[in-house]
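In case you want the letters, here they are:
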Amino acid sequence: MEKKDTLIEVKNLSKFFNINKGIFSKTQSYVKAVDDVSFSIKKGETLGLVGESGCGKTTTGRTVLKLYEPTTGEIIYDGKDIAKLNAKEMLPYRRKMQMIFQDPYASLNARMTVGDIISEPIEIHKLMNKIESHERVQYLLNRVGLNPDHASRYPHEFSGGQRQRIGIARALAVQPEFIVCDEPISALDVSIQAQVVNMLEDLQEDLGLTYLFIAHDLSMVKHISKKIGVMYLGKLVEIAESNELYKNPLHPYTKALLSAIPVPDPDMAAENKRIMLEGEIPSPIDPPPGCRFRGRCRYAKPICGEAQPELKDMGGEHMVACHLY
Amino acid sequence: MEKLLQINNIHTSFHTHVGEVKAVRGVTIDLYKGEAIGIVGESGSGKSITMMTLMRLLDNNGEIKEGEILFEGKDLAKLSEKDMEKIRGNDIGMIFQDPMTSLNPVLTVGDQLSEPLIKHMNMNKSEARKKVIEMLELVGIPSPEKRIKQYPHEFSGGMRQRVMIAMALICEPKLLIADEPTTALDVTIQAQILELMKELKEKLGMSIILITHDLGVVADVCTRINVMYGGIVVESGTSRDIFYNPKHPYTWGLLRSIPNPKLDTKERLKPIEGTPPDLLKPPAGCPFADRCDYTMKICLENKPENYEISAGHKSACWLNHPDAPKVEHDDIRRDN
């Protein structure tokens, strides 16, 4: 990869869920799961997306793939806005964009053999005949480190790490360019996590894949991502190159989040001064105006209650949305 | 310091339709008063089963084959169910992994929390209520007077875990067993819960056994660590022994498979290849032998002895035998 082009660019993407759809309800309330989020990912690179549960990171990933219809905003994939495409126009893009799910126990159909699971996307996109598709399954199983002879087995015969490999093989079946990895390792044991992370890195290297990597394990995200975005209550509050973000976090929420990571080193853990966040993430239903973090922020000023902070470039592609800057 | 708990050579098996699963195969762990120790290992290493054995909460097909569990001089392995009930919840409290499924959904939080008080401490309802409110305040739940009338589904994940901790602590146990208490929680909530556990340990002077697979969590809370693999303790020592001077290839593997917090540059992770042994047919020798980089002939045939590296630091690996080849762990964590 000599020249790095932008593969996917998300502009002002929002996804609201209407929560009272009854015909007699007068008021309309929305869960603003993703609210005005913008980022871009270059070809062959990885963007990590972190935040607490309920911050909208998974919804962002799914909306980018158009598994949810975006409320507003553009998703520019390889130069074309796919946000408004209908299902039929979307089909060729579905092949290029795939997803790896969090829970390898729930995301594989228990009644299908591993071979059928992996070849299903090939059939849907009518890419190959039976024989080619069979060969492709054998190749993919080998590629993800499983025995090709196991294609006729069922998912329950495999361990969690092996199932996650099956999920990866399924995502790779149609030769995608872009993969959303939604917490692909959080259900796995430490020693198995490293196996899967290494495999994802190898595949990226060999096939030139682009990843959107969603996780709440911040140390693994730092390891795998080139850039990291931090989300809070539907908003992207900070985005920067990963080392820069860890060394020099600017947003008070990012600082608190990073200091909460347990350090696997007793001496460093003893020195570590935690910034404790009081309370929990508030409800995303009709969030108050102004900065959404201000209720838990120790630096909150009057302006934080009035105006929503915009993402500002602090230099070197380090963007932060906070009134302190 | 005085010993609170001494687990001696415990063996636990499960009788299943395919045969006997030897889940715990000779575990020895000791614990002093007011101390927090960690048990680390991956799923299937026997860490939770060891604690279930200690609490005598094994399923019907489980059996303690041999060994003793001395808690304040009493052998818990031999107590009657009736005597055990007096200890559970009263002397030993336990926090389970999943706060969503371990609370009773049809009882209010207040009712669930008063149950052990009425049962163990002979309190009446109003005394119990007062104590419950006090306890919820201690674990940091705002407006406890209102919250005790609510049901578990009205609490968020972090709040539910606090309720679990309050329940485990309400009879002021001498020992708290926390089985992956923060695995289901976000890092910020995890930090709050860990701080809370440390604080309560100081305040109430209780001992803690923390079971986890997160090395970061043990480094933070525990002074001593037991690493379990394939139903045995493969290495035990102080946190500093385990992190800075590990002497077992499995511990090396664990430390290498997580990103080093001290490094800025991207270093490739070194996973432990393969999968844990099948405890239906436990290996004759070292359980880690078929995943280990340094396997010797003796590892496949004979169970390694528990070598004492220094006072309190033990490793069950043949590499520590005086005649074994010298292998050094390329320690990325030691001062750099």
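Everything numeric in this text was worked out from a predicted model, so none of it was measured.

### Focus on the overall build of chain B
Line of reasoning, step 1. When you go through chain B residue by residue, the secondary structure sums to eleven helices and twelve strands.
Line of reasoning, step 2. Relative to a compact globule of 336 residues, whose C-alpha radius of gyration would be 20 Å, chain B shows 21 Å and is just as compact.
Line of reasoning, step 3. Across its three principal axes, chain B shows a C-alpha extent of roughly 70 × 50 × 40 Å.
Line of reasoning, step 4. The buried share of chain B, reckoned over its 336 residues, is 47%.

### Structural notes on the pairing of strand β10 (residues 232–238) of chain B
All names here are of chain B.
Line of reasoning, step 1. The element β10 is largely enclosed, with a buried count of six among its seven residues.
Line of reasoning, step 2. By the bridge criterion, six bridges tie strand β9 (residues 224–229) to β10 in an arrangement that is antiparallel. The partner of Tyr229 across the bridge, within β10, is Ile232.
Line of reasoning, step 3. Bridge count between β10 and strand β12 (residues 313–315): two bridges; the pairing is antiparallel. Each bridged residue has a counterpart across the sheet, and for Ser236 the counterpart in β12 is Lys314.

### Details of the interface of chain B and chain A
It is common to give the size of an interface as the accessible area lost on bringing the parts into contact.
Line of reasoning, step 1. Facing 36 residues of chain B, the contacting portion of chain A comprises 32 residues.
Line of reasoning, step 2. When contributions to the side of chain B that touches chain A are tallied by element, the ones reaching two or more residues are α7 (187–204), α8 (215–221), α9 (239–244) and α10 (249–256) of chain B.
Line of reasoning, step 3. Take the side of chain B that touches chain A: its biggest share by element is seven residues, from α7 of chain B.
Line of reasoning, step 4. Classifying every residue of the side of chain B that touches chain A gives 14 nonpolar, twelve polar and ten charged.

### A look at the environment of Ala128 of chain B
Residue and element names in this part refer to chain B.
Line of reasoning, step 1. Inspection of the secondary structure assignment puts Ala128 in helix α4 (residues 125–138).
Line of reasoning, step 2. Taking the C-alpha atoms as reference points, Ala128 and Lys247, 119 residues apart in sequence, are found 49 Å from one another.
Line of reasoning, step 3. Every residue in contact with Ala128, bar those within four places of it in the chain, is listed here: Ser114, Leu117, Ile118 and Met123.

### Comments concerning helix α9 (residues 252–259) of chain A
Line of reasoning, step 1. Taken together, the buried positions of α9 of chain A are occupied by Pro252, Tyr253, Thr254, Ala256 and Leu257 of chain A.
Line of reasoning, step 2. Check the buried side of α9 of chain A and you find it contacts α7 (218–224), β9 (227–232), β10 (235–241) and α8 (242–247) of chain A together with α7 of chain B.

### Concerning α10 of chain B
Line of reasoning, step 1. Buried residues dominate α10 of chain B, accounting for eight of its eight residues.
Line of reasoning, step 2. Burial in α10 of chain B covers these residues: Pro249, Tyr250, Thr251, Trp252, Gly253, Leu254, Leu255 and Arg256 of chain B.
Line of reasoning, step 3. Contacts made by the buried residues of α10 of chain B are with α6 (190–207) of chain A together with α8, β9, β10 and α9 of chain B.

### Considering the confidence of the model for chain B
All names here are of chain B.
Line of reasoning, step 1. Considering every residue of chain B, the mean pLDDT works out to 87; 96% of them sit at 70 or more.
Line of reasoning, step 2. Under a pLDDT of 50 for its full length, residues 332–336 has, in the predicted model, eight contacts with residues more than four places off or in other chains.
Line of reasoning, step 3. As scored by the predictor, the complex reaches a pTM of 0.84 and an ipTM of 0.79.

### What to know about the sheet that holds strand β1 (residues 3–16) of chain B
Residues and elements named next belong to chain B.
Line of reasoning, step 1. Strand order in this open sheet of four strands is β2-β1-β4-β5, and the pairing throughout is antiparallel. The open sheet has two edge strands with one neighbour each: β2 (19–32) and β5 (74–75).
Line of reasoning, step 2. Of the strand pairs in this sheet, strand β4 (residues 62–71) and β5 are connected by two bridges, and their pairing is antiparallel. Looking at β5, one finds that Leu70 is bridged to Asp75.

### Observations concerning the packing of helix α6 (residues 157–169) of chain B against α7 of chain B
Two numbers describe a pair of packed helices, the interaxial angle and the distance between the axes.
All names here are of chain B.
Line of reasoning, step 1. In contact at an axis separation of 10 Å, α6 and α7 are set at 15° when each is read in the N-to-C sense. By the angle between their directions, the pair α6 and α7 is classed as roughly parallel. Viewed along their axes, α6 and α7 form a crossing whose handedness is right-handed. Judged by residue contacts, Gly158, Gln161, Ile165 and Leu169 of α6 engage Ile189, Gln192, Ile193, Leu196 and Leu200 from α7.
Line of reasoning, step 2. Residues of the contact of α6 with α7, tallied by class, amount to six nonpolar, three polar and no charged.

### Quick look at the sheet that holds strand β2 (residues 30–42) of chain A
All names here are of chain A.
Line of reasoning, step 1. Reading across the sheet, the four strands line up as β2-β1-β4-β5 and stay open at both edges, with antiparallel pairing between neighbours. At either margin of the open sheet sits one strand with a lone partner, and together these are β2 and β5 (80–81).
Line of reasoning, step 2. Alignment of strand β1 (residues 6–18) against strand β4 (residues 72–77), held across five bridges, turns out to be antiparallel. Following the sheet pairing, Lys11 is matched in β4 by Glu74.

Rules and cut-offs
- Residues numbered from 1 in each chain as written.
- Chains lettered and ligands numbered in written order.
- Predicted model: local features only at pLDDT ≥ 70, side-chain atom pairs only at ≥ 80, totals over all residues.
- Helix = DSSP H or I, 4+ residues; strand = E, 2+ residues; numbered from the N terminus.
- Rg over C-alpha atoms; globule rule 2.2 N^0.38 Å.
- Buried ≥ 20, exposed ≤ 12 C-beta atoms within 10 Å, placed from the backbone.
- Pairing = 2+ DSSP bridges.
- Contact = placed C-beta atoms within 7 Å.
- Nonpolar A, V, L, I, M, F, W, Y, C, P; charged D, E, K, R; others polar.
- pLDDT = per-residue confidence, 0-100.
- Axes fitted to C-alpha atoms, helices over the stretch in contact; angles between N-to-C directions.
- Parallel < 35°, antiparallel > 145°, perpendicular 65-115°, else oblique.
- Left-handed = near helix turned anticlockwise from the far one by under 90°.

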